[in-house]
Amino acid sequence: MSTIAGNRIEVMHGVNLDQLGRRDPAHYGSLDLQALERRIGSWAQSLGLSARFFQTNHEGAFVEHLHEVSDMADAIILNPGAWTHYAYAIHDALEIAGLPAVEVHLSAVSTREAWRQTSVVSDLCVATVSGKGAEGYLEALKILEKELTG
Ligand code: DQA
C-alpha cells in the first residue's frame, strides 16, 4: 500500500522507554525499543501510514519536539513514561502541537500503583490504550488511520 500525504505518525517515547528489554517483562514485555519500533514501523506501513520515532530522557527535549512536531507529522502516538503522571509542561506542549494524538502504555496503568492512575495528557488525546503491550501501538495506529482518513 502506498503512503498517502497526511498520514505521517510521530511515535514519541519518553523517560526510561529506551531501557525496554531491561525493565520488568511482566509489565513491559521483552522487546527492546529498537525491536518495538521496527514492529510499529511495519504495522504502520501495512496500514498505509508512515511512522517516525523519537525518544528522550529529557523532559525539555520532549517538550521542544512537541513544539516542532506539526511541521513533520500529521498525528502523534505518545508514551511519555512516568512523565504521563505529573508533567504539566508536556500537557501544555501537546496542546500547542494541536495534532490528533493517542496515548499508549505498554502496562495496565489503571491497575498498578495509585500514582500511575493519573494521566495529565489523556484529556488532549483521542484515545488511551493501555495494558496491551506492543499490540497497543497497532490499536493506536488503527485509531489514527481512521481519524486521518475520516
Ligand atoms: C508506561 C507506564 C508508566 O507508569 C511508566 O512510568 C513507564 C511506562 C507504560 O508504557 O506502561 O515508564 O508508560
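Here, every reference points to the structure presented above.
Peer 1: What should I look at first to understand the nonpolar core in this one?
Peer 2: Inside soluble globular proteins, nonpolar side chains tend to come together where they are buried. Membership of the largest hydrophobic core comes to 25 residues, with the highest contact counts inside it found for Ile9, Ile77, Tyr137 and Leu141. For this core, the secondary structure elements donating two or more residues are strand E1 (8–13), helix H2 (33–46), strand E3 (75–79), strand E4 (101–105), strand E5 (127–130) and helix H5 (135–149). Core analysis: the next-biggest nonpolar cluster, separate from the first, contains 21 residues, Val63, Ala73, Ile90 and Val120 among them.

Peer 1: Help me out: how do you make sense of the sheet that holds E1 in this one?
Peer 2: One key point about sheets: their strands pair by backbone hydrogen bonds, in either a parallel or an antiparallel sense. The strand order across the open sheet built from five strands is E2-E1-E3-E4-E5, with neighbouring strands paired in parallel fashion. Lying at the two open borders of the sheet, with one neighbouring strand each, are strand E2 (50–55) and E5. Averaged over neighbouring strand pairs, the angle between their axes works out to 20° when direction is ignored. When E4 meets E5, the two strands line up parallel, connected through four bridges. Following the sheet pairing, Glu103 is matched in E5 by Thr128.

Peer 1: How do you make sense of the pattern of salt bridges when you look at a structure like this?
Peer 2: Pairing is possible between side chains of opposite charge, provided their charged atoms come close. Summed over all chains, the structure comprises five salt bridges. Measuring nitrogen to oxygen at the nearest pair gives 2.7 Å for the salt bridge that ties Arg116 to Glu113. Residue classification places Arg116 among the buried residues on the basis of a relative accessible area of 14%. Notably, a salt bridge pairs Lys132 with Glu139, separated by 2.8 Å at the nearest N-O pair. Exposure remark for Glu139: the relative accessible area of 32% places this residue in the partly exposed category.

Procedures and definitions
Residues numbered from 1 in each chain as written. Predicted model: local features only at pLDDT ≥ 70, side-chain atom pairs only at ≥ 80, totals over all residues. Heavy atoms only, no water. Core = buried A, V, L, I, M, F, W, Y, C linked by side-chain atoms within 4.5 Å. Buried < 20%, exposed > 50% of the residue type's maximum accessible area, 1.4 Å probe, protein only. Helix = DSSP H or I, 4+ residues; strand = E, 2+ residues; numbered from the N terminus. Pairing = 2+ DSSP bridges. Axes fitted to C-alpha atoms, helices over the stretch in contact; angles between N-to-C directions. Salt bridge = Lys/Arg side-chain N within 4 Å of Asp/Glu carboxyl O.

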